[in-house]
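# Structural overview for review
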Amino acid sequence: MRLGTEAPQFSRNYGFWSEDEQRALVESRVAIAGVGGDGFQLGVKLARMGVASFSVADPEVFELENVNRVEGASTATLGRRKAEVFRERVLDINPDAEVRTFFDGVIPENIADFMQGASLVLDESELTKPEIGSLIARRARMQGIPDLLVMNVGFAAQVTSFAPASPWTFERFMGFDAEMPLDEIADAGVDLARCLPYIPPYTDLRSLRAVAGEDGHEPASLPSISIGVDAASAIGSAQAFLHLTAGVANHRRSPIWAPRIAYTDAYRLRTRIVRAGRAPHVLGLLVAAARQKLNLNPLGSYTVADITRRRS
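All figures in this text were calculated on a predicted structure; none of them were measured in a lab. Per chain, residue numbering runs from 1 following the sequence as it is written. Totals for whole chains, interfaces and linings use all residues, but because this is a predicted model, local features are given only for residues with pLDDT of at least 70 and pairs of side-chain atoms are given and counted only at 80 or more. The side-chain figures draw on all heavy atoms in the structure; neither hydrogens nor water molecules are used.

Attention now goes to the pairing of strand β3 (residues 98-102). A pair of strands is considered paired only if DSSP assigns at least 2 bridges between the two. In DSSP terms, a helix is any run of H or I states spanning at least four residues, a strand is any run of E spanning at least two, and both are numbered starting from the N terminus. Two elements, strand β2 (residues 53-57) and β3, share five bridges in a ladder whose sense is parallel. Looking at β3, one finds that Phe 54 is bridged to Val 99. When the strands point away from the viewer, a crossover counts as right-handed if the route from the first strand across the helix to the second turns clockwise. Taking the sense of rotation as the criterion, the β-α-β connection linking β2, helix α3 (residues 82-93) and β3 turns out right-handed.

Aromatic rings from Phe, Tyr and Trp, taking only the six-membered ring of Trp, are treated as a pair when their centres fall within 6.5 Å; an angle between ring planes under 30 degrees marks them as stacked, one over 60 as edge-to-face, and anything in between as tilted. According to the stated counting rule, one finds eleven aromatic pairs in the structure shown. Ring plane angle 80 degrees and centroid distance 5.8 Å describe the contact between Phe 155 and Tyr 202, whose orientation is recorded as edge-to-face. Here Tyr 202 lies in the loop between α8 (192-195) and α9 (205-212) and Phe 155 lies in the loop between β5 (147-153) and β6 (156-162), a separation of 47 residues in the sequence. Aromatic pair Phe 162 and Phe 173: ring centres 5.6 Å apart, planes at 65 degrees, arrangement edge-to-face.

Interaxial distance between helix α2 (residues 38-49) and α3 falls to 10 Å at its minimum, and their mutual angle equals 20 degrees. One way to sum up the angle between α2 and α3 is to call them roughly parallel. The way α2 lies across α3 gives a crossing that is right-handed. Here α2 contributes Gly 39, Phe 40, Gly 43, Val 44, Ala 47 and Arg 48 to the contact with α3, which in turn contributes Lys 82, Val 85, Phe 86, Arg 89, Val 90 and Ile 93. For the contact of α2 with α3, a count of residues per class yields seven nonpolar, two polar and three charged. The angle between two axes is taken between their N-to-C directions and runs from 0 to 180 degrees, where each axis is a line fitted to C-alpha atoms and a helix contributes only its stretch in contact. An angle counts as roughly parallel when it lies under 35 degrees, as roughly antiparallel when it exceeds 145, as roughly perpendicular when it falls between 65 and 115, and as oblique in every other case. Should the near helix be turned anticlockwise from the far one by less than a right angle, the crossing is left-handed, and should it be turned clockwise, the crossing is right-handed. What makes two residues a contact is simply this: any of their non-hydrogen atoms within 4.5 Å. Each residue is assigned to one class: nonpolar for Ala, Val, Leu, Ile, Met, Phe, Trp, Tyr, Cys and Pro, charged for Asp, Glu, Lys and Arg, and polar for all the others, Gly among them.

Let's shift gears to the pattern of salt bridges. Put simply, a salt bridge is a Lys or Arg side-chain nitrogen that is within 4 Å of an Asp or Glu carboxyl oxygen. Taken as a whole, this structure holds twelve salt bridges when the rule is applied. The salt bridge partner of Arg 87 is Glu 84, with a shortest N-O separation of 3.9 Å. Of this pair, Arg 87 and Glu 84 both sit in helix α3, three residues apart, which is roughly one turn of the helix. The class for Arg 87 is partly exposed, based on a relative accessible area of 30%. Exposure is judged per residue with a 1.4 Å probe applied to protein chains only, and the accessible area is read against the type maximum: over 50% gives exposed, under 20% gives buried, and values in between give partly exposed. For Glu 84, a relative accessible area of 22% translates into the label partly exposed.

The subject of this paragraph is the environment of Ala 246. Looking at the secondary structure, you find Ala 246 in the loop between α10 (226-244) and β7 (260-265). Judged by its relative accessible area of 61%, Ala 246 falls in the exposed class. Each C-alpha atom, one on Ala 246 and one on Glu 21, is 8.7 Å from the other, the two residues being 225 residues apart in sequence.

Take the sheet that holds β7 next. The strand order β3-β2-β1-β4-β5-β6-β7-β8 describes an open sheet built from eight strands, whose pairing is mixed. Strand pairing shows two members of the sheet lacking a second neighbour, β3 and β8 (270-275), which therefore form its edges. Mean inter-strand twist for the sheet, computed between neighbouring axes without regard to direction, equals 20 degrees. Relative to the sheet, α3 contacts β1 (29-33), β2 and β3, its axis offset from that of β3 by approximately 175 degrees.

Once that is clear, we can look at helix α11 (residues 278-293). Between the first and last residue of a helix there are one fewer steps than residues, each counted as 1.5 Å, and that sum is the expected span. A rise of 1.5 Å per residue sets the reference length of α11, with its 16 residues, at 22 Å; its end C-alpha atoms lie 22 Å apart and thus fit the reference within 8%. Turning to α11, its buried residues number three or more, namely His 281, Gly 284, Ala 288 and Gln 292. Down the axis of α11, the sector holding all buried residues measures 65 degrees, keeping them to one side. Exposed residues on α11 whose side chains face more than 90 degrees from its buried face are Ala 279, Leu 283, Leu 286 and Lys 293. Structurally, α11 contributes buried residues whose contacts are with α8 and α9. Positive phi appears at Asn 295, one or two residues downstream of α11, with a value of about 60 degrees. To be clear, the arc concerns the directions from the helix axis to the C-beta atoms.

The analysis is restricted to geometry; functional conclusions fall outside its scope.
Quick look at the structure:
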């Protein structure tokens, strides 16, 4: 049985949203593809806000490298399925919640079941696997629901959403044709210049070179810190609120729709809205490169040599 709007768990919400909006949250279902970072934090926030129905897909288990940034990763959960840990956390918040888990991740064979009845889908799949994002986006368009994309980058995070009927699709955002076969999208890979319009000016560009796979080395995983994940969960859950309560008339602003992207940088104490495309990405790289050449940027330790040394 779902909690009603009179439940004391929601009493402190009403200074900032209405009982009708609370009811919309309680009655919604959110599908989350990926709960290894931003997705875990986003989902927990939504559960605390009152969302009581989730579908969660993630094929991975928690490892030591997740502990630096994910609330669900701890010594007690190492080796356990991320989706199952998320389910337990949500049920600990709300024992009446329903959390459907998909341990194969999002695949063509389960996409319909994963997104069945969803009011909103959060695409927190691997950025390096755009074929999964395309699969999710196509199903979202078919169902007529928003597709919310949130990514952390350094001390910052960026957010946008894809409207079901908009010509600005996820595929277009990533540089693909909307009808391109998924296997061809997988082979094409990711162009960071298209999907990361905000490059923090304090970035150590050696880290990006490691991620790109310099000097014939395998590309490193995208670096990520807890501050960026928390920023992503904050702006992402606010956008999810706007989507889930869109049917309630309460003078709310519109969510951020592609091609616009909003970013928040906790390090710079700045929030801006930019347009998707290569131009802001290239400008960000140029600024970071100039600052680094002048020795103005703090350095990280994420070069290929650093990563190799720590693995040995």
